[in-house]
Amino acid sequence: MALTGKQVRQLRALAHHLNPVVNVGRGDINDGVVAQTEECLEAHELIKCNVQDGSDLTAREAANELAERCGADVVQVIGHRFSLYRMSSRKDADHIKLD
């Protein structure tokens with residue numbers, strides 16, 4: 001799903017106050033990190049991730065790879081952190097209303 005500029009701005013504002021829930025470390029992006037990211041996206045739709053110093057990947061590389069493997073969109077990359085968005089398929093979840 002390609003996000004419009006207006007939707008990206010809205011998601012960036014929502015992601016600003018989030019704490020990172022997924023950490024990419026020395027093991028880089030493995031199946032465990034992908035599974036954790038998918039669980040978090042399913043529960044929250046919008047998450048913030050952190051790339052630790054021991055990783056060989058930059059935040060942009062990690063964001064693009066995780067987004068591709070999880071079917072998510074990269075919202076923003078700043079420094080060692082990035083935000084991902086994917087609409088949850090859960091019916092009982094409060095979905096983010098995008099303009």
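A. Looking closely at the pattern of salt bridges. Counting across every chain of the model gives four salt bridges. With a closest N to O distance of 3.3 Å, Glu42 and Arg86 form a salt bridge. Here Glu42 is found in helix H2 (residues 31-44), whereas its partner Arg86 is found in the segment after strand S4 (81-85), with 44 residues between them in sequence. Here Arg69 makes a salt bridge to Glu65, at a shortest N to O gap of 3.6 Å. On the criterion of helical spacing, the pair formed by Arg69 and Glu65 is a turn pair, its members being four residues apart in helix H3 (residues 59-70). Among the charged side chains, a salt-bridge network with shared partners connects Asp31, Glu65 and Arg69.

B. A look at the packing of H2 against H3. Taken N-terminus to C-terminus, the directions of H2 and H3 make an angle of 70°; their axes are 10 Å apart at the nearest point. For the element pair H2 / H3, the angle class is roughly perpendicular. The chirality of how H2 crosses H3 is right-handed. Across from Asp31, Val33, Val34, Thr37, Glu38 and Leu41 in H2, the residues of H3 making contact are Leu66, Arg69 and Cys70.

C. Examining the environment of Val34 more closely. Inspection of the secondary structure puts Val34 in helix H2. Separated by 13 residues in sequence, Val34 and Val21 place their C-alpha atoms 12 Å apart.

D. Quick look at the pairing of strand S1 (residues 20-24). As paired strands, S1 and strand S2 (residues 46-51) are joined by four bridges and run parallel to one another. Directly across from Pro20, in S2, lies its bridge partner Lys48. In this fold, S1 hands off to H2, which returns the chain to S2; that crossover is right-handed.

Conventions adopted
Residues numbered from 1 in each chain as written. Predicted model: local features only at pLDDT ≥ 70, side-chain atom pairs only at ≥ 80, totals over all residues. Heavy atoms only, no water. Salt bridge = Lys/Arg side-chain N within 4 Å of Asp/Glu carboxyl O. Helix = DSSP H or I, 4+ residues; strand = E, 2+ residues; numbered from the N terminus. Axes fitted to C-alpha atoms, helices over the stretch in contact; angles between N-to-C directions. Parallel < 35°, antiparallel > 145°, perpendicular 65-115°, else oblique. Left-handed = near helix turned anticlockwise from the far one by under 90°. Contact = heavy atoms within 4.5 Å. Pairing = 2+ DSSP bridges. Right-handed = clockwise from strand over helix to strand, strands pointing away.

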